[in-house]
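# Secondary and tertiary structure notes
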Amino acid sequence: MPSRKAPLIALVAVTALAPVAWGSTYAVTTELLPPDRPLFTGLMRALPAGLALLALTRTLPRGAWWGKATVLGALNIGAFFPLLFLAAYRLPGGVAAVVGSVGPLCVIGLAALLLGDRPSARGLLAAVAAVFGVSLVVLRAGAALDLAGVLAGLAGAGSMSAGTVLTKRWGRPEGVGPLAMTGWQLTAGGLLIAPLAWLVEGPPPALDGRALAGYAYLALAGTAVGYWLWFRGIERLTATSVTLLGPLSPVTAAVIGWAMLGQELTPLQLTGMAIAVVATVVGQIPTGRPPGVTAATGRGDPPAGGRTGAPAAAPATRVR
């Protein structure tokens, strides 16, 4: 009944705000931030946001979670951010965003291996359709494709796909909310980026008001809030369902490029965007009740210990 589907739809819609926010990253990077500083940009996006969340939640990892948080921080942040910004600097905004469209295919494969999730024909078709749709945008963008930028985008998609699946597999410690988990990963990833940024790019550049505003936006809206919504969605939906929201990022980037940067959108590109959006919607149609979501409330059930490797947080302590 619609009344029972409403909480699930709301959860999906709120989680979708994360890739929508990420779609604006490319315009902010190219228009506001210092050029040729992908590592410093990744650092400024991750570490301040992570430290702010740590100060807000006042919760640190314990035991094995120090290692797990470091691994997740490396995959979702420490490797992904530099690769993301390298792609953004070397490719036009819409092109850089759509390269990551292979992410759902990576997640489907990794989820089968690590989570025991059997790939569905609908999920595979939705993932392939998403790649096809965003490829139409890339192939008709009228811009030269830089090989290093494309490879960086593909590697970044693979890194975050692995992080997404492991986040689902490991869950989170009892009594720890998604906000604290987000802070752990952002801080770990930022600390991993910091020495690399100094060695490769040297001292930080001088920052004007535009750059400071750009970094503040990326750290707050695009990172602290965006990743909290993303990890919250991973916990309550299937990994495949969440990652199939990813095409909303290139669609957002292309729309921003057209509306604010004067980039042309051809009818074929618009068709590709429509295909990507339809694939995203199809990817959210459940075959049954999604793990971790109750039809009545939309709240996460405690995940099975065998699936996540850690008990779920008690409902009273869960951050929403």
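Structure: see above.
Conventions we followed
Residues numbered from 1 in each chain as written. Predicted model: local features only at pLDDT ≥ 70, side-chain atom pairs only at ≥ 80, totals over all residues. Heavy atoms only, no water. Helix = DSSP H or I, 4+ residues; strand = E, 2+ residues; numbered from the N terminus. Buried < 20%, exposed > 50% of the residue type's maximum accessible area, 1.4 Å probe, protein only. Contact = heavy atoms within 4.5 Å. Areas by Shrake-Rupley, 256 points an atom, 1.4 Å probe, with all protein chains shown as cover. Core = buried A, V, L, I, M, F, W, Y, C linked by side-chain atoms within 4.5 Å. Axes fitted to C-alpha atoms, helices over the stretch in contact; angles between N-to-C directions. Parallel < 35°, antiparallel > 145°, perpendicular 65-115°, else oblique. Left-handed = near helix turned anticlockwise from the far one by under 90°. Nonpolar A, V, L, I, M, F, W, Y, C, P; charged D, E, K, R; others polar. Expected span 1.5 Å × (residues − 1). Arc of directions from axis to C-beta. Patch = residues over 30% accessible without salt bridge, like charges linked within 9 Å, V, L, I, M, F, W, Y side chains within 5 Å. Salt bridge = Lys/Arg side-chain N within 4 Å of Asp/Glu carboxyl O. 1 Å grid on protein atoms, 1.4 Å probe; cavity = no way out; pocket = protein on both sides within 12 Å on 5 of 7 lines; lining within 4 Å. Points joined across faces, edges and corners; volume = space filled by probe spheres on them. Phe/Tyr/Trp six-rings, centres within 6.5 Å; stacked < 30°, edge-to-face > 60°. Lys NZ or Arg CZ within 6 Å of the ring centre and 35° of its normal.

This part takes up the overall build of the protein. Check the secondary structure of the protein and you find 15 helices and 0 strands. Classification of the 320 residues of the protein by burial places 53% in the buried group. In the protein, once contacts between residues fewer than 6 apart in sequence are set aside, the share between residues at least 24 apart is 88%. Total accessible area on the protein stands at roughly 13700 Å², and carbon and sulfur atoms take up 70% of it.

A few words now on the nonpolar core. What tends to happen in soluble globular proteins is that the nonpolar side chains get buried as a cluster. Counting residues in hydrophobic clusters, the biggest one holds 42 residues, and the most contacted among them are F81, Y227 and W230. Secondary structure elements with two or more residues in this core: α1 (2-23), α2 (25-32), α3 (38-57), α5 (80-90), α10 (178-201), α11 (209-236) and α13 (248-260). With 11 residues, α11 is the single largest residue contributor to this core. Contacts of Y227, omitting those with residues within four sequence positions, involve W22, R45, N76, I77, F80, F81, M160, T182 and G222. One finds W65, L72, W170 and A180 within the second-largest nonpolar core, a separate group that totals 10 residues.

Following both chains from N to C, one finds α10 and α11 inclined at 120 degrees, their axes separated by 9 Å at the closest point. Taken together, α10 and α11 sit at an angle that is classed as oblique. Crossing of α10 against α11: the hand is right-handed. On the side of α10, the interface is formed by P178, L179, T182, Q185 and L186, while α11 contributes T223, A224, Y227, W228, F231, R232 and E235. Residue classes in the contact of α10 with α11 are distributed as 7 nonpolar, 3 polar and 2 charged.

Here the phi dihedral of D36 falls at roughly 60 degrees; this positive angle occurs in a residue that is not glycine. Along the chain, D36 turns up in the loop between α2 and α3. With a relative accessible area of 62%, D36 lands in the exposed category. Despite not being glycine, R58 shows a phi value in the positive range, around 55 degrees. Along the chain, the position of R58 falls in the loop between α3 and α4 (65-78).

For helix α14 (residues 267-282), with 16 residues, the first-to-last C-alpha span of 22 Å sits near the 22 Å given by 1.5 Å per residue. Of the residues making up α14, those classed as buried are Q269, G272, M273, A276, A279 and T280. The buried residues of α14 all sit within an arc of 120 degrees when viewed along its axis, so they share a single face. Turned more than 90 degrees away from the buried face of α14 sit P267, V278 and V281, all of them exposed.

Another point: a nonpolar patch on the surface. Taken together, L196, W198, L199 and V200 make up a surface patch of nonpolar side chains, about 480 Å² in accessible area. Along the chain, the position of V200 falls in helix α10. For V200, a relative accessible area of 57% corresponds to the exposed category.

With that settled, the discussion passes to empty space enclosed by the protein. Within the structure shown, the criterion is met by 1 cavity of 30 Å³ or more. Quantified by volume, the largest cavity comes out at close to 420 Å³. W22, F80, G100, M160 and S249 are the residues nearest the centre of the largest cavity, which is lined by 27 residues in total. At the level of secondary structure, the elements contributing two or more residues to the lining of the largest cavity comprise α1, α2, α5, α6 (93-99), α7 (103-114), α9 (147-170) and α13.

A few words on the packing of aromatic side chains. Scanning the entire structure with this criterion turns up 7 aromatic pairs. Ring plane angle 50 degrees and centroid distance 6.1 Å describe the contact between F80 and F81, whose orientation is recorded as tilted. Accessibility assignment for this pair places F80 and F81 in one class, buried. Seen from their ring centres, Y227 and F231 are 5.6 Å apart, and the 50 degrees between their planes marks the pair as tilted. Highlighted residues: Y227 and F231, both in helix α11, separated by 4 residues, approximately one helical turn. Judged by its relative accessible area of 0%, Y227 is buried. In textbook terms, an aromatic cluster arises when at least three aromatic residues are bridged by ring pairs, as seen for W22, F80, F81, Y227, W230 and F231. In this arrangement the basic side chain of K68 is found over the ring face of W65, its NZ or CZ atom lying 5.0 Å from the centre.

A separate point is the packing of α4 against α9. To characterise two packed helices, one gives the angle between the axes of the helices and the distance between these axes. Closest axis-to-axis distance for the α4/α9 pair is 7 Å, and the angle between their directions is 150 degrees. Looking at the two axes, α4 sits roughly antiparallel to α9. With respect to the hand of their crossing, α4 and α9 are arranged in left-handed fashion. Residue-level contacts link W65, K68, V71, L72, A74, L75 and N76 of α4 to S159, M160, A162, G163, T164, L166, T167 and W170 of α9.

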